[in-house]
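The chain contents come next:
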Amino acid sequence: MALKVKLVKSFAGASGEMLDTIRGLGLKKFGEERLLKDTPAVRGMVFKVKHLVSSETVSGDAPAPARRKPRKIALKERARAYQAKQGKA
């Protein structure tokens, strides 16, 4: 099961705690939607800002978040690839 969460009202003037909760849900812009796993933690976050978001239960699974490499490692790999490319040319 998944939970579709949409930011339907502006968060201007909201407390810092609510802003953190909205950010934690992955919402950044007005009208943005996210498909999240239906867990008690996510439901609690949605309940906390229920006056700003709309939510509905959707069948199926939420997509797994893509993991990113730390910036330092990604830059090193990019530099090595560039040097290898320059060596071949």
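Residues numbered from 1 in each chain as written. Predicted model: local features only at pLDDT ≥ 70, side-chain atom pairs only at ≥ 80, totals over all residues. Heavy atoms only, no water.

J.: So what's going on with the overall build of the protein? Which residues, and what values?
T.: A tally of regular secondary structure across the protein gives three helices and three strands. For the protein, the succession of helices and strands along the chain, N to C, is β-α-β-α-β-α. A compact globule built from 89 residues should have a C-alpha radius of gyration of about 12 Å, whereas the protein, at 19 Å, is more than 25% larger. Put simply, of all contacts in the protein between residues at least 6 apart along the chain, 71% involve residues at least 24 apart. Carbon and sulfur atoms make up 56% of the accessible area of the protein, which amounts to about 7100 Å² in all. (Helix = DSSP H or I, 4+ residues; strand = E, 2+ residues; numbered from the N terminus. Rg over C-alpha atoms; globule rule 2.2 N^0.38 Å. Contact = heavy atoms within 4.5 Å. Areas by Shrake-Rupley, 256 points an atom, 1.4 Å probe, with all protein chains shown as cover.)

J.: Tell me about the layout of surface pockets, and name the residues and values.
T.: Considered as a void within the structure, the largest pocket measures approximately 160 Å³ in volume. Every residue lining the largest pocket is listed: Arg34, Leu35, Leu36, Lys37, Ala62, Pro63, Ala64 and Pro65. Across the lining of the largest pocket, the residue classes tally to six nonpolar, no polar and two charged. (1 Å grid on protein atoms, 1.4 Å probe; cavity = no way out; pocket = protein on both sides within 12 Å on 5 of 7 lines; lining within 4 Å. Points joined across faces, edges and corners; volume = space filled by probe spheres on them. Nonpolar A, V, L, I, M, F, W, Y, C, P; charged D, E, K, R; others polar.)

J.: Break down the sheet that holds strand E2 (residues 33–37) for me, citing the residues and quoting the values.
T.: A sheet is described by the order of its strands in space; here three strands give the open sequence E2-E1-E3, paired in antiparallel fashion. The open sheet has two edge strands, E2 and strand E3 (53–58), and neither has a second partner. Between one strand axis and the next, the sheet turns by 25° as a mean value, whatever way the strands run. Inspection of the sheet shows strand E1 (residues 2–7) paired to E3 by six bridges, in the antiparallel sense. The residue bridging Val5 from the neighbouring strand is Ser55, located in E3. (Pairing = 2+ DSSP bridges. Axes fitted to C-alpha atoms, helices over the stretch in contact; angles between N-to-C directions.)

J.: Hey, could you go over helix H3 (residues 71–88) for me, with residue numbers and the actual values?
T.: A rise of 1.5 Å per residue sets the reference length of H3, with its 18 residues, at 26 Å; its end C-alpha atoms lie 26 Å apart and thus fit the reference within 8%. Sparse coverage of H3 is indicated by the burial of zero of its 18 residues. (Expected span 1.5 Å × (residues − 1). Buried < 20%, exposed > 50% of the residue type's maximum accessible area, 1.4 Å probe, protein only.)

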